[in-house]
Amino acid sequence: MSKLYIVPTPIGNLEDITLRAIRILKETEMVYAEDTRVTKRLLNHLEIKKTVAPFHAHNEHKTLSRAIDTIKANNSTVLVSDAGTPAISDPGFLLVRECIANDIEIECLPGPAALIPALVASGFPCDRFVFEGFLPHKKGRQTRLMVIAEEKRTSILYESPHRLVKCLGQIVEFMGEDRKVCVARELTKIYEEYKRGTASEIKAYYEERPPKGEIVIVIEGKQ
Ligand code: SAM
């Protein structure tokens, strides 16, 4: 029976690939990747030679039925994204849903995802949390911020470095300057950084030092 493996890959530190991920990548017949160049670099590093075909956000719908045929023709296929867990703010959900509809078995390996270390190291409660992914840039952004403002559970956002200060400004505007946040930047990489404090303190910090790299914002729930 055909199977689709969802294989998480490192979010910065190559040591974070699991032994099982390496074995599955070695054993699989083919790999679907968000960006084939990124995945080929990882496979080269692991000394694995595989056919890598593109499966990314822009062609996800178009590729879907062709991908299902290919997965059915193989015993095992792997889906990876550029970094972290596929389908988490990355392509994957539609393929998983379509595989389930086609009786293709899904096996998702546990592994790197930026939201988890950011949440756990934030120091905010992790027993219940809400993952908001990327907020929309324009339409719908304010509505989402208003909902998060009332949320009692810890909220997690993905944000780009050039929008971080703006986003922290909006957290101040919608949730008050004393709402506690944690900005987790460049997780697992050389310049990994956690900044914890009130939204206005952290905004002032990054206004002084425009950030680079990849960012997760963790927001304490409404008290
Ligand atoms: N699939 C990935 C995952 O499992 O986390 C997320 C992919 S999404 C396209 C990329 C976003 O994830 C970045 O813009 C950033 O918000 C977050 N991210 C990924 N790697 C990160 C890292 N090393 N440190 C902080 N945030 C990271």
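What counts, and where the lines are drawn
- Residues numbered from 1 in each chain as written.
- Predicted model: local features only at pLDDT ≥ 70, side-chain atom pairs only at ≥ 80, totals over all residues.
- Heavy atoms only, no water.
- Near = heavy atom within 4 Å.
- Polar contact = N/O pair within 3.5 Å; in protein donor to acceptor, adjacent residues only side chain to side chain.
- Areas by Shrake-Rupley, 256 points an atom, 1.4 Å probe, with all protein chains shown as cover.
- Nonpolar A, V, L, I, M, F, W, Y, C, P; charged D, E, K, R; others polar.
- Domains from an automatic or database assignment.
- Buried < 20%, exposed > 50% of the residue type's maximum accessible area, 1.4 Å probe, protein only.
- Helix = DSSP H or I, 4+ residues; strand = E, 2+ residues; numbered from the N terminus.
- Arc of directions from axis to C-beta.
- Contact = heavy atoms within 4.5 Å.
- Buried area = accessible area lost by both parts, 1.4 Å probe.
- Salt bridge = Lys/Arg side-chain N within 4 Å of Asp/Glu carboxyl O.

What follows is about the site of the ligand. The immediate surroundings of the ligand are formed by 19 residues, with Ile88, Asp90, Tyr158, Leu187 and Ile215 found nearest. Within the side chain of Asp90, a nitrogen or oxygen atom sits 2.8 Å from a nitrogen atom of the ligand. Between a nitrogen atom of the ligand and a side-chain N or O atom of Glu214, the distance comes to 3.3 Å. In isolation the ligand offers 570 Å² of accessible surface; the protein chains occlude 90% of this area. When its residues are assigned to classes, the shell around the ligand shows eleven nonpolar, three polar and five charged. Three or more residues apiece are contributed to the shell around the ligand by two domains, here domain 1 (3-108) and domain 2 (115-219).

Turning our attention to helix α6 (residues 141-150). Taken as a whole, α6 has its buried residues at Arg141, Leu145, Ile148 and Ala149. Buried residues of α6 fall within an arc of 105° about the axis and therefore sit on the same side.

Each assigned domain of the protein chain is listed here: domain 1 (3-108) and domain 2 (115-219). Between domain 1 and domain 2, the residue contacts involve six residues of the former and nine residues of the latter. Contact between domain 1 and domain 2 buries roughly 510 Å² in total, counting both sides, with carbon and sulfur atoms accounting for 64%. Area buried by domain 1 at its contact with domain 2 is led by Ile11, Ile88 and Ser89, which between them contribute 74% of it. Across the domain 1-domain 2 interface, the total number found is zero salt bridges. At the junction of domain 1 and domain 2, the tally comes to one residue pair in polar contact (both at pLDDT 80 or more). Split by residue class, the side of domain 1 that touches domain 2 holds two nonpolar, three polar and one charged.

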